[in-house]
Each structure stands twice: as structure tokens, then as C-alpha cells.
Amino acid sequence: MRFCGACGVALRAPAETAAPEAGERRPVTVLFADLVGSSALAARLDPEDLRDLLLAYREAAAAAVTGQGGSLSQHQGDGILARFGFPVAREDDAERALRAALGIARAVAALRARLGLALEVRVAVHSGIVVVATLGHGVASEPGAMVGEVTTVAARLQHAAGPGEVWVSEATRRLAPRRFRFAPRGEVALAGLPRPVLAHRLEDELPPGLAAPGPAAAGPPLVGREDELRGLFSAWRDAEAGAGTAVMIEAEPGHGKTRLFEEFRARIGAAGEAAVVVACSAGDEASAFRPLIAWLSAAAALPPRAAPDEARGALAAWLGRHGLAGTEHAAPLAVLLHCATPAEAAEMEAAGRRRRRRGMAAFLAALRAGAGPGTALFVAEDIHWADDSTLAVLRLLADACAARDAAMLLLLTRRPEGHGLPGAAPLTFRLHPLDDAAARRLAAAAAPQGADPALLAGIIARAGGVPIFLVEAARDAQADCALPLTLRAGLTARLDALPEAKPLAQLAAVIGRSFRGDMIAALAETVGLPSARRPLRRLVEVGLMEPEGPPEAPTGYTFRHELMRDMAYETLLRSRRATLHLALARLLPERFADLVDQRPELLARHLAAGGAAAEAVAAYERAAARAMRAGAHGEAAGHFRAALEQVPKLPGPVRDAAEARLQVGLAAQITVARGNAVPEVGEAFATAHAAALRLDDRQLLLRTLRGLQTFHLVRGSVREGHAIGERIMALMEGERDGAALLQAHRPFGLGLLYLGRYREARQHLERVLALYDPARDEPHRFDYGSDPAVLARAHLGWAHWFEGDAAAAFAADAAAVAAARGLDHAHSLCFALAFRCALAQFAGRGDECLAAAGELGAVAAGHDFAYWSAWAAILEGWARARRGERAAGEAMLRRGLEDYRAMGAGLLLPYALALLASLVLGEEGGALLTEAERLAEAGGIAFSESTVAAARAALAP
């Protein structure tokens, strides 16, 4: 309790804030020195003489360390531990440490000569990341203690050095300028460490170079990318001639992807200025269409946080100027930009599964309209951070660029480890580090006039040919800002020079690369920091951040480079990061509820990083539900995966239930997006099933068993799927719930059909129809993907056919398709059409097969049903070949077969291989039939036997 010093009245406790935690992650360079043979000296010398010797040694070593800006951390007898990079980091800490090491060696040599004693010292230098914190409390506290492997490596490396030697790790050598001379010592196994350390002996420091830098330019030129620039100009000329294309620039961070595009756009003049630029950012991969929404919001000049009416007016004006007003694209764009009228919102809600497809088409139209007349240039930056929906739109745009007479060029950038453009890979240029000559040119051009030549030489030596490192370090060359260990170390040094702004930069890094001004201000207030305005202005002044919005009143800010944000974030202790993420997660619903409604995955991410696992799971589930409603099934699956990462952190009683629920949700979204047979579907259902067993939850057990049953059936492991079906039927003994019984008989009948047990299959399928209640069972088409009665009738058509009753077969088929059309449910219709075109093929009715397959392909393509698209291609290919389009039909069938295999599906393979064999005949046909027979035997797939036998007969001489 606190009290007023004047009157003694108890003072109210301050509001609870996310108090700073002691400690920080920092790059440091550590020096360890130890006298050789100190025990022998102690035996030979009088204690007072030994004391004088040790004092002289310590004073000389301390002078060498402090003279280079380092600090002594520990004295242990004749051992000395020094560090460079704390309490204040400098970008040349590694160089200073090496000079200090040489200074200690020289000082001990001087002592040896002066005292006439056989004195030798061993010194080692190593660089890395440590936690610097106060350990302990009270008299036992140790302020500024270093925790991490760095000190251990330095100490062990010192023991490996010879008397009078200075050894340096590879980590430090890479940071040292070239005027230090090293002798390699190879990999050295150090006691207690799990891996060897590449070591070098430091020989000496060479005289600094005398080369003068070139004249400084207003901006650094593009250097070392001439070949890639010529490639872009060639692609542009082709686009101007109506032969458009897409070009990918792939490179590690900081290698100049954006700079290359800037130069290209500047050189093509007005077309470059008019380019449509879509920028992706870290965190966007979880939010459907996020980069495209940001682009269109900026293009249409939607005011930040505008009221819906104001935003609607700005969007309508833009659509009108670009010829999209009143088109089918207006409603999806308005919904995605959160400014739709009630009528537009209702229109998109009614679109159902077509919602995502309409959104993709609308953004494609908006991009093309935004490019204006003439040859169009589109730029999509950092697509490794793009969400699935944005990538799908970019794929459509790339295809449009490649169309005949398309005067369009799409340029894309990505990192090697991230997402690429789906489908066929575009023409790709990979940027590599600059060679020495190019690095010298770039550093000289970026440096201010009069920069120290030796400093520039050090920058070039340390940069490793990475342009962003060269430019960022050379720009500060007059302030003695040579490139440090890494860009992380460089940012640490720059932030240490801004003590009033550093906490805010770290706080902003928790939010992300880009952040709203009102959000950083609110978060700063929550965690007890002063006003954010002055620190933000200072961070902009020194070039770490850039303002967004009107210059006179910025609405947000962004780190100049993603690496700068990453490194600011990495300076925080993990515990401090969690505290700040949780503080932001608590703030978001309170102060930014509209943002949370639009992007629940944003809240989920901060809850997860803040350690609130249960709340994070709930938020990710809300994000998944929102993505599902929008038809963004890939993003929904991503949200389920993110939620599953939190499951191990949940308390035991709820962990199994959450895991089962999330795994079932994940499997459902993958099934819709990529098909039942994808391995991840089986893994998800198997994991959920194990959880259901632990929970002893009968309903969940049945649900997961049905999922596994369908997975194995579609994979082509029919016997295994049927065995699971038998388990389900046993569990249903005594069951009276009609809906539950229906979902047991339906897949069990399917398995029997595929096994060739047609009479038994028919009985179970007829039981499904007897149990079916249209009103009660309506949810099944959404929970299980298709209407159970449609599926039963479609399969009955096959069962009747194989039993020899063609009339009953086609009657059941007609009933299945009619029922599906009456439901207006796309996935059920695809199921019915797929079985219709196969039934027509069984009967040799080529035209009917072609018509059904064509409709199936159109419906499947319109809803991104990959499984049915492959099925349609197989049957349409056969029908086209039958009617005389031999080459085109065969190519289509092969493509469908390849797509079907790629999904992991196997049920249709023996049948499809037999269809292909009937077209190619000869030796290849025989090989195809052998594979078909092998697969059918292995999986217990019997329905394909007649098709395989007919093709085999056609091959007989």
C-alpha cells in the first residue's frame, strides 16, 4: 500500500498494466582470455608477486577491452570474460572484439618481456545471441548476466587454442572486415557441446584499404541485376505485341526483388507509374483476399475506418469510373470491402458455395479494369505471404496474361521457402548475392559523400553480397554504422541509439509489420508506455518506419522492411512477447471490435502467441466458420490447423474433445477443397477417432469411423473401408434414430457395391431411401457433403445395371439427377451427374455420357470441386474419343487420370485405366490393363471388372 507523504492517506493502486520484464535478447561478441600455466606460476612465485602479476595482467587486459568499447563481465582467477554489444550495441562490435583480443595478446607479450617470466595467454572470440538479464534477487542478484551458449563456446574455444594464440569462431570471422588475416583451424570438437565449431586463428590486422568511394547518388542504382532487367524488358516487349506472360522473381530476403521492379517500372515510364501493385504481408496468409482488399481499398480511396455509407460511395464511384458499376461484380466487392447494401449482402449469402468463385471473378475484373488502357502491368509482391484465395486470383490473372493477344504482363516476387503461384510455374528469375565488384559499386553509391573508405570496405566485406545489407549500412556510414553481425545486430545498435523510441518499436513489432496509429497508441497506453506520437515520429525520421495515409495526419505506420520488424521482435524475451500479445488480444475486442468481426484470425493469432490457448482455439474456429461461409475452404483449413497447434496447451479434460472437433472440421474442409482421398483427410479422421475412443463418445466415434470409411473407399482400399463399415453396423445394433441409421446404411451400401456384392448393396441403399426424411435430413448434405437420398439413388442405378436390369438402372439414375436438381445443391448434383456419365459409358451411350460429363465438369469447375473435375475429364475424354476426336479425347482422359491420381484417389483408377487402354490398345494398352487388374485385386474393386474384361478382349489377337 502507498500513502501520501503530506497527509498519510492511502493512495489508490495504479491500473494494472503489462509491466516490462527484465531482460532482452541481444547480439553480442564475447571474448574469453586465460593465462597459460597459471598453476605452475603459483607454485613458483611468492603470493605477493603472483598478486602483482595478476593485477598487471588484469589491468592490461581491461585497458585492451575498454579501449575498444567493450566491458568486463567476469574475472575468474586469471580468466577474463569481456563482451561487446551490451549495454550499448555498436555495429562494429565484432571488429572491436578482435582488436581487443590482439591487444591482450600484445599486452601479455610486453609483460613477459618486462617481468622475465614465461607468460602466455590464450584468447577466443565468438558471436551470437544471448539473453541479458538480472539473475537472482537481493545480495544474490547478478545484474546484466549473459545467458546462452555464446559464453560457453568462447570459453571452450579458448581451451582449444595454443599458447599465445587468438582463436575466432566462424560466426565472428564472417562479421570481421577483410583487413584481419586468419588461418583456418577446421572444425573443432568442444567439450560439452553437441556439434563442432569451425575455428580460425587470428593472425593480425592488415592496414585499411585506401580506395575512395564513388560519388553519391540521390538513390542507389540497380547493380548486378542487368540480366534480370533485360529479361523483364523482353517480357514487356512481348506483352506490347500481344504475347503477355507472367514472370516470377525469386530471392531470399534483402536480395533486391522490389528494387528490381522499381527500376523496371521507372524505365518504362507512364505504364510503370500506372501499374497495379498488390502487396502481400506477413499474417495475410490466414485472411482470404486480404492483399486484394487492401489494394482495392487504396485504389478506390476508401477513407480509413469509414462508415459503411461513406465507403460504399467511394467504392461505387470507383466502379463507375472503371465500367464495373451495375455488373455482377459489384456485390461481391462491396461485401468483401464491408460496405454492402442489405440487398448485396443477401445476394452473396444466397450464392452459397459460389461466393468464393464470384469474389475471385470480381477481383480479376477489378484488377484488369484498374490497369486502364494500353499494355497493362500488374505487380504482386511477396506472394509467399498470400492467402489461397489471393493466389487463386493471381493464377487467373496469369492465365489471362497468357491468353492470345493479351497485352498484359504480371510480375510476381516470392521467397524460396514460401507459397508459389499455383498451377504451371511462370518464367522465373532467381536473384543471387552480388559479386564483389557489384557490391563495391552499390555501397559506394549508397554511402553519403565523404564516407570513410575503410568503413565502406568493412561494410562490403560483411554484407555477403546482400543488397539491402549494403544499402542500409552504407547509408549510415558517416555515423560509423558499419554492418554488424546481422541485420538484427544492426537494428539493435540503431534502437540502442534511440532509447525513447526503442520500446515502441518493439511494441509495434508485436502487432506486425503494418499497424494502425490508433492501435499502437491504445496498446502503448495499455502497457504503460508514454504517448506514441513522438517515438513514432523519431522512428520515421531515422528511416526505420514509414507513415501511411496523409502526410499531415498519418493513419498508420509500417516498418520499412519486414526484416526490420522481425529483428525488433526478436530483441524481446519470449515471455515479454507473450505478455504483449496477450495485452493486444485483450485490447482488440474492447477497442477494435469491427476489426475482430472482420478478421477473427487476427485476434486468434495474438491469443495464441499470448498463451491463451483455449480462447485462441475458439477464435480460430470463428475464423474458420467465417471462411467457410465465404467459400474460402483453403483458408478455413488453415484456421483449423492453427487451432490444432494450440490443442497440446489445453487442460486435459477438454483437450481430447477439442482435438476431435477440430480434426473433423479440418478433414471436412480439405475434403471439399481437395477431395476425400487426400492423405491429410485420413490422418485427421484417424486422430479424431483416437480422441473419440479416449472420450468414449459414441456419436463422435461413429462420425470419425464414417470419415475413415469414406476415406478408404475413395482411396481404393475398398476391403478396408468395408471392414470399417461392418464395425459401424455393429455399433448401430439396437439404434432407433432414423438419421443415424441412414448414415450407417448409406456408406455400407456403397462399399458393398464397389466390392461387387450388388444384391446386398441394393438392399442397404433401398433401406436408405426408406429411412430418408427430406426435412429431418436436410443438414446431412452440409455435414456430409451430399444429400443421402441422391447418393443412394445414384448408386442404385449402378447396382441395378450390374444385376442386369438396365431399365431400373436408368430409372434410378433419372430420379437421382432430378432430386439433385430439385435441391439446388451443387455437390449432390455433381455426385448424381458423375454416376450418370459412368452409367452411360457402361451402356455404350457416348452422346449421353458426353452431355453428362460436360455438365459435371462445368458445375465442378464453378465450385472448385477438384475430385469431380477429374472424374468429368476422364469420362468426357472417353466420350470425345468415341465420337472421333481421338487425340483430344485421349489427352483429356490422361489429364483427368493424372489429376485423379494426384489427389490420392484410387477407387476409379482400374475403371479409368481400362477406358484409356481401350483407346490406345497395343503394348501400352496391355500395360495399362495389367496395372488396372493389380489395383482392382489389391483394393477389392469389383465394379470395374466388366470394363477391364472388355478392354482385354479388344487387345486379344
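Residues numbered from 1 in each chain as written. Predicted model: local features only at pLDDT ≥ 70, side-chain atom pairs only at ≥ 80, totals over all residues. Heavy atoms only, no water.

Trainee: Would you mind showing me how to read the overall build of the chain here?
Mentor: Scanning the chain for helices and strands turns up 43 helices and 16 strands. Taking all 957 residues of the chain together, 55% fall into the buried category. Total accessible area on the chain stands at roughly 40,000 Å², and carbon and sulfur atoms take up 53% of it. Put simply, the chain has 105 plus and 110 minus side-chain charges, and the middle of one group is 1 Å from the middle of the other. (Helix = DSSP H or I, 4+ residues; strand = E, 2+ residues; numbered from the N terminus. Buried < 20%, exposed > 50% of the residue type's maximum accessible area, 1.4 Å probe, protein only. Areas by Shrake-Rupley, 256 points an atom, 1.4 Å probe, with all protein chains shown as cover. Lys, Arg positive; Asp, Glu negative; His and termini not counted. Charge placed at Lys NZ, Arg CZ, Asp CG, Glu CD.)

Trainee: Can you help me understand the domain arrangement of the chain in this one?
Mentor: By a widespread convention, an interface's size corresponds to the accessible area lost as its parts come together. Taken domain by domain, the chain comprises domain 1 (25-205) and domain 2 (245-259 + 269-422). Distance from the C-alpha centre of domain 1 to the C-alpha centre of domain 2: 56 Å. (Domains from an automatic or database assignment.)

Trainee: Sorry, what's going on with the sheet that holds strand 13 (residues 427-430) here?
Mentor: Either a parallel or an antiparallel arrangement is found when strands of a sheet pair, and the pairing is made through backbone hydrogen bonds. Strand order in the open sheet formed by five strands is 10-11-12-9-13, with parallel pairing between adjacent strands. Bordering the open sheet on either side are strand 10 (276-279) and strand 13, each of which pairs with just one other strand. Along the sheet, successive strands turn relative to each other by an average axial angle of 15°, direction set aside. Alignment of strand 11 (residues 376-381) against strand 12 (residues 406-414), held across five bridges, turns out to be parallel. Of the residues in strand 12, the one forming a bridge with leucine 377 is leucine 409. In the packing of helix 6 (residues 226-240) onto the sheet, contacts are made with strand 9 (243-250), strand 11, strand 12 and strand 13, and the angle to strand 12 comes to roughly 150°. The strands that helix 14 (residues 388-401) touches are strand 9, strand 11 and strand 12; relative to strand 12, the one it contacts most, it runs at about 140°. (Pairing = 2+ DSSP bridges. Axes fitted to C-alpha atoms, helices over the stretch in contact; angles between N-to-C directions. Contact = heavy atoms within 4.5 Å.)

Trainee: What should I look at first to understand the pattern of salt bridges in this one?
Mentor: A full pass over the atoms with the stated rule returns 51 salt bridges. Residue arginine 430 is joined to glutamate 250 by a salt bridge in which the shortest nitrogen-to-oxygen separation is 3.1 Å. Residue arginine 430 is located in strand 13, and its partner glutamate 250 is located in strand 9; the two are separated by 180 residues in the primary sequence. Exposure remark for arginine 430: the relative accessible area of 47% places this residue in the partly exposed category. Classification of glutamate 250 by relative accessible area gives buried; the value is 11%. Beyond isolated ion pairs, a larger network of salt bridges with shared partners links Glu24, Arg26, Asp496 and Lys502. (Salt bridge = Lys/Arg side-chain N within 4 Å of Asp/Glu carboxyl O.)

Trainee: So what exactly am I meant to see when it comes to the pairing of strand 12 here?
Mentor: Two faces belong to every sheet, and in a regular strand the side chains alternate between them. Among the nine residues that make up strand 12, eight are buried, leaving the element largely enclosed by the rest of the structure. Here seven bridges tie strand 9 to strand 12, and the two strands are oriented parallel to one another. Bridge pairing links methionine 248 to leucine 412 in strand 12. For the segment spanning strand 11, helix 14 and strand 12, crossover handedness is right-handed. (Right-handed = clockwise from strand over helix to strand, strands pointing away.)

Trainee: Sorry, what's going on with the confidence of the model for the chain here?
Mentor: The predicted coordinates should not be examined in detail at positions where pLDDT is low. In the predicted model, the chain carries a mean pLDDT of 88, and 92% of its residues have values of at least 70. Throughout residues 208-218 the model reports pLDDT below 50, and contacts reaching past four residues in sequence, or to other chains, amount to 20 contacts. For the stretch residues 478-484, pLDDT sits under 50, and the model shows 27 contacts to residues farther than four places along the chain or on other chains. (pLDDT = per-residue confidence, 0-100.)

Trainee: What is the right way to read the environment of threonine 29 from this model?
Mentor: As for its placement among the helices and strands, threonine 29 is situated in strand 1 (residues 24-35). Assessed through its relative accessible area of 0%, threonine 29 is described here as buried. Between the C-alpha atom of threonine 29 and that of asparagine 676, which follows or precedes it by 647 residues, the distance is 54 Å. A polar side-chain atom of threonine 29 sits 2.8 Å from a polar atom in the side chain of serine 127. (Polar contact = N/O pair within 3.5 Å; in protein donor to acceptor, adjacent residues only side chain to side chain.)

Trainee: What is the right way to look at the sheet that holds strand 14 (residues 514-516) in this model?
Mentor: Strand order across the open sheet formed by three strands is 14-16-15, with antiparallel pairing between neighbours. Looking at strand neighbours, the two that pair on one side only are strand 14 and strand 15 (545-548), the edges of this open sheet. Adjacent strand axes in the sheet meet at a mean angle of 25° when their direction is disregarded. In this sheet, strand 16 (residues 556-559) lies alongside strand 14 in antiparallel orientation, the contact comprising three bridges.

Trainee: Explain the nonpolar core to me, please; I cannot follow it from the model alone.
Mentor: One broad rule of soluble globular proteins: the nonpolar side chains tend to lie buried together. One finds Tyr754, Trp798, Trp868, Trp871 and Phe943 to be the most contacted residues of the largest nonpolar core, which totals 175 residues. The element that contributes the greatest number of residues to this core is helix 37 (residues 826-842), accounting for 13 residues. Discounting residues that sit within four places of it in the chain, tyrosine 754 has contacts with Leu713, Val718, His795, Trp798, Phe835, Leu907, Gly940, Ile941, Ala942 and Phe943. (Core = buried A, V, L, I, M, F, W, Y, C linked by side-chain atoms within 4.5 Å.)

Trainee: Quick question: what am I supposed to make of the packing of aromatic side chains here?
Mentor: What describes a pair of aromatic rings is the distance from one ring centre to the other and the angle between the planes of the rings. Following the criterion strictly, the structure yields 23 aromatic pairs and no others. For the ring pair phenylalanine 289 and phenylalanine 363, a centre distance of 5.4 Å and an interplane angle of 40° mean the geometry is tilted. Taken as a pair, phenylalanine 289 in the loop between strand 10 and helix 9 (290-299) and phenylalanine 363 in helix 13 (residues 354-370) lie far apart in primary sequence, 74 residues in all. Since its relative accessible area comes to 4%, phenylalanine 289 is described here as buried. On the accessibility criterion, phenylalanine 363 (0% relative accessible area) is buried. Over the aromatic face of tyrosine 569 sits the side chain of arginine 565, whose NZ or CZ is 4.6 Å from the ring centroid. Seen from the ring of phenylalanine 810, arginine 845 lies directly overhead, with NZ or CZ sitting 3.8 Å from the centre. (Phe/Tyr/Trp six-rings, centres within 6.5 Å; stacked < 30°, edge-to-face > 60°. Lys NZ or Arg CZ within 6 Å of the ring centre and 35° of its normal.)

Trainee: What is the right way to look at the environment of glycine 450 in this model?
Mentor: When you line up the elements, glycine 450 lands in the loop between helix 15 (436-446) and helix 16 (453-463). In this structure, the C-alpha to C-alpha distance between glycine 450 and alanine 932, residues 482 residues apart in sequence, is 76 Å.

Trainee: It is not clear to me how unusual backbone geometry should be interpreted in this structure. Could you clarify?
Mentor: Of note, the bond from phenylalanine 86 into proline 87 is cis; its omega dihedral lies within 30 degrees of zero at 5°. Structurally, the position occupied by proline 87 is in the loop between strand 3 (79-84) and helix 3 (93-115). One non-glycine residue with positive phi stands out, namely histidine 338, at about 60°. Using a relative accessible area of 32% as the deciding quantity, one classes histidine 338 as partly exposed.

Trainee: Just checking my understanding: could you explain the side chain of lysine 257 for this structure?
Mentor: Along the polypeptide, lysine 257 turns up in helix 7 (residues 257-267). For the buried lysine 257, which has no salt bridge, the nearest side chain bearing the opposite charge is aspartate 382, at an N-O separation of 4.8 Å. Excluding residues that lie within four positions of it along the chain, lysine 257 makes contacts with Ile249, Glu250, Ala251, Glu252, Asp382, Thr413, Arg414, Arg415 and Leu431.

Trainee: Even after reading the chapter, I still don't get the packing of helix 19 (residues 502-511) against helix 20 (residues 517-526), so can you show me in this structure?
Mentor: What describes two packed helices is the angle between their axes and the distance between those same axes. Between helix 19 and helix 20, the shortest axis-to-axis distance is 10 Å and the interhelical angle comes to 115°. For the crossing formed where helix 19 meets helix 20, the hand is right-handed. Mapping the contact onto sequence places Leu504, Leu507, Ala508 and Ile511 in helix 19 and Met519, Ile520, Leu523 and Ala524 in helix 20. Partitioned by chemical class, the residues of the contact of helix 19 with helix 20 number eight nonpolar, no polar and no charged. (Left-handed = near helix turned anticlockwise from the far one by under 90°. Nonpolar A, V, L, I, M, F, W, Y, C, P; charged D, E, K, R; others polar.)

Trainee: How should the packing of helix 13 against helix 14 be read in this particular structure?
Mentor: Contact geometry of helix 13 with helix 14 gives a least axis separation of 9 Å together with a crossing angle of 50°. As the angle between them shows, helix 13 and helix 14 are arranged oblique. Between helix 13 and helix 14 the crossing geometry is right-handed. Residue-level inspection shows Arg356, Met360, Phe363, Leu364, Leu367 and Arg368 of helix 13 in contact with helix 14, the latter providing Asp388, Ser389, Ala392, Val393, Leu396, Leu397 and Ala400. Here the residues of the contact of helix 13 with helix 14 are counted per class, giving nine nonpolar, one polar and three charged. (Parallel < 35°, antiparallel > 145°, perpendicular 65-115°, else oblique.)

Trainee: Would you explain the environment of phenylalanine 32 in this entry?
Mentor: As for its placement among the helices and strands, phenylalanine 32 is situated in strand 1. Put simply, phenylalanine 32 and proline 291 are 259 residues apart on the chain and 50 Å apart in space, counted from C-alpha to C-alpha. Residues within four places of phenylalanine 32 in sequence aside, it is in contact with Ile80, Leu81, Arg122, Val123, Ala124, Ala154, Ala155 and Gln158.

Trainee: Hey, could you run me through helix 30 (residues 698-715) in this one?
Mentor: Along an α-helix, residues three or four positions apart point the same way, because every turn accommodates 3.6 residues. Helix length check: helix 30, at 18 residues, gives a terminal C-alpha distance of 26 Å against a target of 26 Å (1.5 Å per residue), a fit within 8%. The buried fraction of helix 30 is high, at 14 of 18 residues. You can read the cap of helix 30 off the contacts: a side-chain oxygen lies 3.2 Å from the backbone nitrogen of glutamine 699, and it is on aspartate 697. At the C-terminal side of helix 30, glycine 716 shows a positive phi close to 95°. (Expected span 1.5 Å × (residues − 1).)

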